[in-house]
Each structure stands twice: as C-alpha cells, then as structure tokens.
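# Notes for the structure review
This is what each chain is made of:
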Amino acid sequence: MRDGSPANVTRLADYLPPAYLVPRTHLDVDIRDGHTLVTATLTLERNPARDDRPEDLVLDGEHLELLSLSLDGAALPASRYREADGRLTVFSVPERFELTSVVRIEPEKNTALEGLYRSNGMYCTQCEAEGFRRITWFPDRPDVLSRFTTTVRADREHYPLLLSNGNPVASGEESEGDGQGGRHWVTWEDPFPKPCYLFALVAGDLACLKDTFTTASGRQVALHLYAEHRDLDKLDHAMVSLKKAMAWDERVYGREYDLDIFQIVAVSHFNMGAMENKGLNIFNTACVLAHPATTTDAAFERVESVVAHEYFHNWSGNRVTCRDWFQLSLKEGFTVFRDQEFSSDMNSRAVVRVENVNFLVNHQFPEDQGPLAHPVRPAQYQKIDNFYTLTVYEKGAEVVRMQHELLGAEDFRRATDLYFERFDGQAVTCDDFVTCMEEVSGRDLSGFKRWYSQAGTPIVRAEDTYVDGLYSLTLSQHTPATPGQADKQPLMIPVKLALLDPRGKPLALNDQGDTETVVILERATQTFSFPLPVKPTPSLLRGFSAPVILRYDFDETQLQTLLAHDSDGFCRWDAAQRLYFSALSRIIEQGESAEQQLERLRPALEGVIRRAAEDPAQAALLLTLPTETAIGDRHAPLDPARVHRAAHAFKVALGRALDEDWRRLAESLREPEYRADGDAMGKRRLRMLALSYLGLAKADGIADDLQRTFRDASCMTEEIGALGILVSNGLDGAETALEQFAERWRDEALVMDQWFAVQAAVPGPATVARVKALMSHPDFEWTLPNRVRALIGTLVNGNPSAFHAEDGSGHRLFAEALKTLDAINPQIAARLGNGAARLDRLREDLSTSLRTALSEVREGASANLAEVLDRILGA
Ligand code: BES
Ligand code: ZN
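Residues numbered from 1 in each chain as written. Chains lettered and ligands numbered in written order. Predicted model: local features only at pLDDT ≥ 70, side-chain atom pairs only at ≥ 80, totals over all residues. Heavy atoms only, no water.

## Quick notes on the pairing of strand β19 (residues 261-267)
As a reminder, the rule being used: Summary of the burial criterion: residues with accessible area below 20% of their type's maximum are buried, those above 50% are exposed, and those between are partly exposed, where the area comes from a 1.4 Å probe applied to protein chains only. Numbering goes from the N terminus for both helices and strands, where a helix is a DSSP run of H or I of at least four residues and a strand is a run of E of at least two. By this definition, two strands are paired if DSSP reports at least two bridges between them. Looking down the strands as they point away from you, a crossover is right-handed if its path from the first strand over the helix to the second goes clockwise.
Most of β19 sits inside the fold, with seven of its seven residues counted as buried. Alignment of strand β18 (residues 220-227) against β19, held across five bridges, turns out to be parallel. Considered in β19, the bridge of Leu223 is made with Phe262. One crossover worth recording links β18 to the parallel β19 by way of helix α1 (residues 236-253), and it is left-handed.

## Comments concerning the site of ligand 1
Test applied: A cutoff of 4 Å decides nearness: a residue is near a molecule or strand if any of its heavy atoms lies inside that distance of it. Polar contact is defined as a pair of N or O atoms within 3.5 Å, subject to the rule that within protein one atom must be able to donate a hydrogen and the other to accept it, and that residues adjacent in sequence are counted only when both atoms are side-chain atoms. Exposure was quantified through the Shrake-Rupley algorithm and a 1.4 Å probe, taking into account, for residues, occlusion by the shown protein chains and nothing else.
The immediate surroundings of ligand 1 are formed by 16 residues, with Glu128, Gly273, Glu276, Glu310 and Tyr393 found nearest. In this structure, a nitrogen atom belonging to ligand 1 sits 2.6 Å away from a side-chain N or O atom of Glu128. Contact distances for ligand 1 include 3.0 Å between a nitrogen atom and a side-chain N or O atom of Glu332. Compared with its free state, where it exposes 510 Å², ligand 1 has 91% of that area covered by protein. For the shell around ligand 1, the secondary structure elements donating two or more residues are β20 (274-275), α2 (297-312) and α3 (328-346).

## A look at helix α9 (residues 569-590)
Helical periodicity: at 3.6 residues per turn, an α-helix aligns residues three or four positions apart in one direction. Threshold: Given the number of residues in a helix, its expected span is that number minus one, multiplied by 1.5 Å.
Between its terminal C-alpha atoms α9 stretches 31 Å, which fits the 32 Å expected from 22 residues at 1.5 Å a residue. Of all 22 residues that make up α9, 16 are buried, and the element is covered over most of its length. Its side-chain oxygen placed 3.2 Å from the backbone nitrogen of Phe570, Asp568 serves as the N-cap of α9.

## As for the packing of helix α18 (residues 734-745) against helix α19 (residues 749-760)
Operational definition: Note on geometry: axes are lines fitted to C-alpha atoms, helical ones only across the stretch in contact, with angles between N-to-C directions running from 0 to 180 degrees. Geometric relationships in this document are graded by angle, where less than 35 degrees denotes roughly parallel, more than 145 denotes roughly antiparallel, 65 to 115 denotes roughly perpendicular, and other angles denote oblique. Left-handed is the label given to a crossing in which the near helix is rotated counterclockwise from the far helix by less than a right angle, and right-handed is the label when the rotation is clockwise. We call two residues in contact whenever any of their non-hydrogen atoms come within 4.5 Å of each other. Side-chain classes follow a simple rule in which Ala, Val, Leu, Ile, Met, Phe, Trp, Tyr, Cys and Pro form the nonpolar group, Asp, Glu, Lys and Arg form the charged group, and the remainder, Gly included, forms the polar group.
Interhelical geometry of α18 versus α19 gives an angle of 160° and a closest axis separation of 9 Å. Between α18 and α19, the angle falls in the class roughly antiparallel. Between α18 and α19 lies a crossing of left-handed hand. Seen from α18, the contacting residues are Leu738, Phe741, Ala742 and Trp745; seen from α19, they are Val751, Met752, Trp755 and Gln759. Its residues assigned to classes, the contact of α18 with α19 comprises seven nonpolar, one polar and no charged.

## A closer look at the sheet that holds strand β29 (residues 525-531)
With mixed pairing, the four strands of this open sheet are ordered in space as β29-β26-β25-β31. The two strands at the open ends of the sheet, each matched to only one other strand, are β29 and β31 (549-551). In this sheet, neighbouring strand axes are inclined to one another by 25° on average, regardless of whether the strands run parallel or antiparallel. One ladder, built from three bridges, connects strand β25 (residues 459-467) with β31; its direction is parallel. In the strand pairing of β31, Arg461 is matched with Arg551.

## With respect to the packing of helix α20 (residues 766-775) against helix α21 (residues 785-798)
One way to put it is that α20 packs onto α21 with a least axis distance of 10 Å and a crossing angle of 160°. In this view, α20 runs roughly antiparallel relative to α21, as classed from their interaxial angle. Classified by chirality, the crossing of α21 by α20 is left-handed. Together, Thr767, Val771, Leu774 and Met775 of α20 and Leu791, Ile792 and Leu795 of α21 make up the contact between the two elements.

## A closer look at the coordination of the zinc ion (ligand 2)
Worth spelling out the cut-off: Nitrogen, oxygen and sulfur within 2.8 Å of a metal are treated as its donors, or within 3.2 Å for sodium, potassium and calcium (Na, K, Ca); water is not counted, so a site can appear incomplete. Tetrahedral means four donors with every angle between 85 and 135 degrees, whereas square planar (four donors) and octahedral (six donors) require angles over 155 degrees between opposite donors and between 65 and 115 for all others; sites fitting neither are termed irregular.
Surrounding the zinc ion (ligand 2) are the protein donor atoms His309 (NE2), His313 (NE2), Glu332 (OE) and Glu332 (OE), at 1.9 to 2.7 Å. The site at the zinc ion (ligand 2) holds six donor atoms, and with the angles between them running 53 to 162°, its shape is irregular. We note that the donor set of the zinc ion (ligand 2) lies within a single chain, spaced as H-x3-H-x18-E. Exposure class is identical for His309 and His313. Each is buried.

## Remarks on the environment of Gly655
When you line up the elements, Gly655 lands in helix α13 (residues 640-657). By relative accessible area, which is 0% here, Gly655 ends up buried. Along the sequence, Gly655 and Gly695 sit 40 residues apart, while their C-alpha atoms lie 8.0 Å from each other. Those residues within four positions of Gly655 in sequence are excluded, and the remaining contacts are Trp662, Tyr693 and Ala697.

Written out as structure tokens, the structure reads:
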C-alpha cells in the first residue's frame, strides 16, 4: 500500500464493457518548440452492450493541460465536466455526439518515455499499455477500437519527416502567415479500427532504407525503415528479416499484410525492445540496427526475431486484439510462440529450442517460484506495466506451444484460421483462443485452461520399474503454492518421451514401430506401461514438451547415454546440464574438489568435443556451464560468493584439463574472413567459448592470443568477446584494451552499451566500486534505458557475486540507482527492482542488508516501483 492509502488495484473479475464507443478519432498534433498542442475530435456512441445506460462519459488523461472542450461544436462550461485523478468526466452526454478537446503537453520534459517524447532530436510515441492518455483525453483501454485520422504538424527544416499509422493521404505547407515560417503538415489515415495503444507518431529528420514486398495475392507493399542518417548502413539485416517474416506468415499461417506501407523507425530512447503500432513499428535501436562491425552474432539473431515478432503482431495483436490487459498473453504469448517458430525455421531448430528453454528455465521459472509469481492471465494488477513479464511472454508461449503439440500442426493451423476469421476486428480473451482449438479438434480443453489461471512451476516426478519385460513409468505432478494461490489443481501436462536401449537407440513403443510418443498427465499420478525387450534409459520431456520441472533419479551412465546418443537436442542438453549441476553440487555441498569432479565428466565432454564439427553451435551449448544465478537457485540459502568459488574452480579445471582441445578448437574454427551465415556464427560461438576456458585457466600465452584476437577482430562478436575474456579474468592488457575500445567506439551508443556491460559483468565484489565509478562516466546517462540496463542491469541480474558483495555495497548502490531512476523513468526503475526478487532466498545477513536498502527506497517510490517492492518485501 502506497503511503498507507489503499492500493489502486484493477481486477479481472470487475471487467465491464466500455460505456461509450469511439468509431472515429481525428487527431491534430501540432509540434512546437517546448510544447505540443493536441486537438482530438472523437465521435462517441453509447455502447449497446452496456444495458445499465451510463449517462456520464469518463475519459483517461495524465499530464495534460486542458485548454478547451466542446461538445457538438459548442464549448462546454466548467459545470458540465470534472477533471480529477487522471479522469475527465463529462456529465449527461447524449447517445451520439462529437467531443473536441485541445490539450497542451510537454514532450521535451517526458523522461518516462511513455506517450509523446523526444529522443535525439526526434519526436516519437510509445502508447502501450496506457501511454495514449498522456497524449489526449480518451477511453484508454484495448477494447475501444477506433478509426484514426491523424495530422502531424511541425517545422519542416528540423522535422522533414512526419509519420503516423496507415497511409498518407494529404500534406501541405502551413499558411498561417504569423511568423511560423517553414511549417508543414501531413495527414495519415488508418483504415483499420484499432485500440489507442497501437497509435504512433514520429517527427524527425531520418534516413530511410526502402524496399518492397509483393504479397501472395499480388499486392505491392512499400517497406520503409528509418534511422538516424549515420545508421543508414545498419538497416539491411532488419529489411531482410522483415521480408522473411512477411513470407513466413503467409506460408505458415496464411496471413498477408494489409496496408500499402509498413514502416519501422529506430529510436535510441526506448523502454522496451520494440512496439507493433499499426503500420508504424517503433524499435529500440538495439533491436533493429545491425552491422558486423558493431553488432554481435547474438544481437543479429535478436534483430531477426524482434522484427518478426512485431510484424507478426499485425495479425496476432492488431487485427485481433486483447479485450483487457489481463489477456495480454493472448497477443504476447501467441506472438512469442510465432517468433520462436520463425527463428527455428530460419536457423537451427535444435539450437533455437535449447536457447528458448534455457531462457525460460533460468528466468521465468525463478519468477514463478518467487514473490512475483502470477498466472499467465493475472487476476489483478496495480500497474499493468509491471505485468509485461516472462510469465506472460515465455510461459504464455509454452502454453500455446502445448496446444500446437496437442492438436498437431494441421489442426492447429485450422484453429488459428478460425480464430483470425472469427475475431477479426475484435478485442477478445484467452478463452476465445482456446475455444477455437476445442472446436476444431473436438477436444475438451477445459482442464488445459488451468495453465492460464494457475501460477507456479509444476514439478513432475517420474519413477520407473522394469519387471518381466514390462516397463512402467509413473508420473506424478505437484505445483507448489504461490502468493495468493495456496491450493493447486492438477494440470494437463503433455510429456513427450522415447525409451533408449543401452546403446542409445530408441526402442519401438508399439506394433507400428513408433519410437516417440506423447503421454498426457492429467491427474495427480498416472502410470504408463510399455512392453520392452530391455530396461531402457528414458528420454523424457523431449523438446521440453511442457514448462515443468522434471525430477527423475538419472544415474550417471544414463545421462552419459542421453548426452552422447539422444536424437532430441533438448534432452542432450538437459543431460549435460544435469551432469554439471550434480558436479557443482558436490563441490558446493560436499566440498569435493573441482578437479575430481571434472575427471568424472571428462569422457562425456571429450565425446562432445570430438563431435563438435557436426554442429559447433550445439556443441557450444553443450559445453556451456549453467550461470552462477542458475546454480545459486539450486542451493539454499543462496550464497553467491560460495557459488562463484565453486563455478569458477570448476571452469578453471575444465579449461586446464582440456587445454589441448580448447587450443585446437580456437585455432581450427578461425575463419579466414568474416561471414554472416549460421555456419560461421556457430563456429565463432564455439571458438569464443574455447578462448574463454583458456582465459579462465590463464593458459600459457592466452593474454597475447586474446589481445591479438581483439586487435585483428573481423567483427564485433570477436572484438567484444576477446575484450570480455581479458577483462573478466584480469588478464594482461585488459585495461589498455578497454581504453582502446572506448576510444574507437565512443560515438556508437550500442557498442558503448557493451563496453559498460563487459565491466559490470566481472565477477567478485570489486566490481561494485567499478560500476559506481562508471555511473559518473561522462557517457553514462540515466535517461537512456539501454545504458542503464547495460551497467546496472548487468550487475544486478547477471553478476550475483558482485551484486551481493559481503559488505552490502552492491545493495546500497542498487538502492541509490533505483531512487535516481524512479524519479526519471518509473517503468525502468520497477523493472530493475525485479532484480531483488531472490531476497528471501539469500543468506540471512545478505537478505537483511538488501531488505534494509530496499525499505529506504520504498518511501516515496512511484506506483510502479512500489508495487514491485511491496511484493518482494512482503508488505
Ligand atoms: N508490445 C510489446 C512492446 C511493449 C511492451 C510496449 C510493453 C510497451 C509495454 C512488443 O510486441 C514486445 O513484446 N516486445 C518485446 C520483444 C519481443 C521480441 C518479445 C520487448 O520489447 O521486449
Ligand atoms: Zn509483443
């Protein structure tokens, strides 16, 4: 509760349809120096779906200075309306009418980056979820769909480009003759009704990369990608990705683009990754710009998937949108599933799946098991911004994936066809989505729907017996309590499995000779039996067929069989992870030596290395240890310093024991010149991993090798990779390399982000002082979310042994950063605040120190940050 007052909670159970509909919206946005005037003319109609016939019209607005208000052309006297607490109530309005408001806003002062704001000399908007109310008075909710016509006016010299949603229909010079020389305007018309969160506007002086796409039905679509002039050479990859995404959505989902023009604008200051505004996507520069000299391979892949994701929203989100924000996963979970499948089709499916699962398990699982746990479809929230979470996105995508798995590709496609057709132009719910799946497949998915409403990560326990030629697998499920949800019901859990013979070959499971099957666990416990000639090694949860924790008492031989032979990429990787976790546990809990543990694993790892050439990217995944955060999550109480000592010792042992292999890989994977394809990326990935083990082991001559790699790098992947290894291991030349790097890249913001991140990632308590010093670096900016994430986010979310330094300095720095940030950008502050979610898992002294630091921040915190802190502090 904020300042002792009752929290402002919105509940799903209280949903009511809107009282008034807005079939048409005319906006006139007049951008001046220091302020902007917005004239909004709304056509309003009482909603027939509301039989209580509300008499008053209530609109949302924040930070608006109301200059005038008129109804059907007549100015309204102050007695006819009231403005209070972000609401404008107009009393006793007719059935149908036109309301015109004129407001004054100050985009130049907007550091929250919601609504209309300025970034590097351009104006842009971000309206999802509730930013439109910072532009004008409007029913700011996703179930009010309106047809927008927007006129943007600005000075032509500084803002030659004026964009909004839809198609440009008119433009001209302003003819005021009042000294406002050189102003122009452009009018845009969006023929598709949309909720206001999809509204967008841009005014600036930008460079443009143009191309076209011809849709399956033969329509030509103009593709315009915009960035600052200096970044024009970094737009090619996004353009290629966009065209691939457009073709993929036609082929896989039968979805064509629907306007004559599709535009993307790159913006430096952006809270999120990117935004799917109708026909005018706005992107964080980090998610659209790419060039081999400045962008890592991982970032190239990210650009491809984010461009696709936002494009896919044109159908899953825009044409069919959400009824209310509780249904957020309807568009986000589905669209993440779509972008994951796109990435799988464009790249190596096995590698993409492991990366997606690894992300889910390392980030969403902890969220679902901690104080911030909530269902895919939450039941209540204070600030919706805080619910753009890994649960809504990543678990939501898994929930869609399970439906895909249950129905099969063909029926799933028929169900999505039905969904898009039936609900086109409407605002709907997650239930509506599942209903389409049910209707097409004839299955009853009522039990399945619990995945949307029940929070927490289910634990599936597997036990097996092999008696007289019959293999019996008993699966049981249990979901631990989460905040506000003590009792859990069984879920419908698809478990894909194969059973391997001692040589790792899959056994036939039935008379048809199938070697893979999906069993559905729906009750608390169920047993599945298979007649088999030998006792098998079970390959369970193949492809990670459900977002659950699988407990099975694998012995080491079984894990080695899976790692060496399983045809399922996820299960191979999972076997490696289990081997690593158990080795690390023995070091942490039993005080065994890292060298000893390494010797046990050595044959298995050598096997992986021997086969590395088959798929270097996959080998790199198999040879990468779990993060210290992931290791820490398996031990209670959480003691980050101890985890770091064990993980570091193990990695050093691994570096030393396989020294020759790493050297051979580092040498043989070197490419004569830069290539951008997947094969070259895979090789770079494994090569950089090999170098990192050599760096950790401080192998002979490695500092020189790394300095050379850094100096002669063919691309940013090698350059920043080598720099990171030098810096994190404190190798010779590290500081010089840092200086050279900053000198070389000082004008490239996205590269400088990486420079900050590399330093914040160095394990150990000394990093706190370094981060503190970097907070005063001339290039550090609190108003630039990418920079804050690079420095503070890396420390808090990626470097537990520094963040939780024994002297509490990391916690104090965190608190200080939260306070500073909260005054500038509450959304970013709240997101960063999530980094404290492990508070109750920490060793007691650390937990106390973090609690003390946060309690101080809680006083005077914004509503966004207060909600997060209250959950974490258990208020
Ligand atoms: N609709 C969101 C962007 C958004 C979220 C804007 C919350 C405002 C508030 C967009 O489609 C999205 O999901 N973007 C992701 C990246 C995506 C690839 C998962 C993001 O911004 O991180
Ligand atoms: Zn999205």
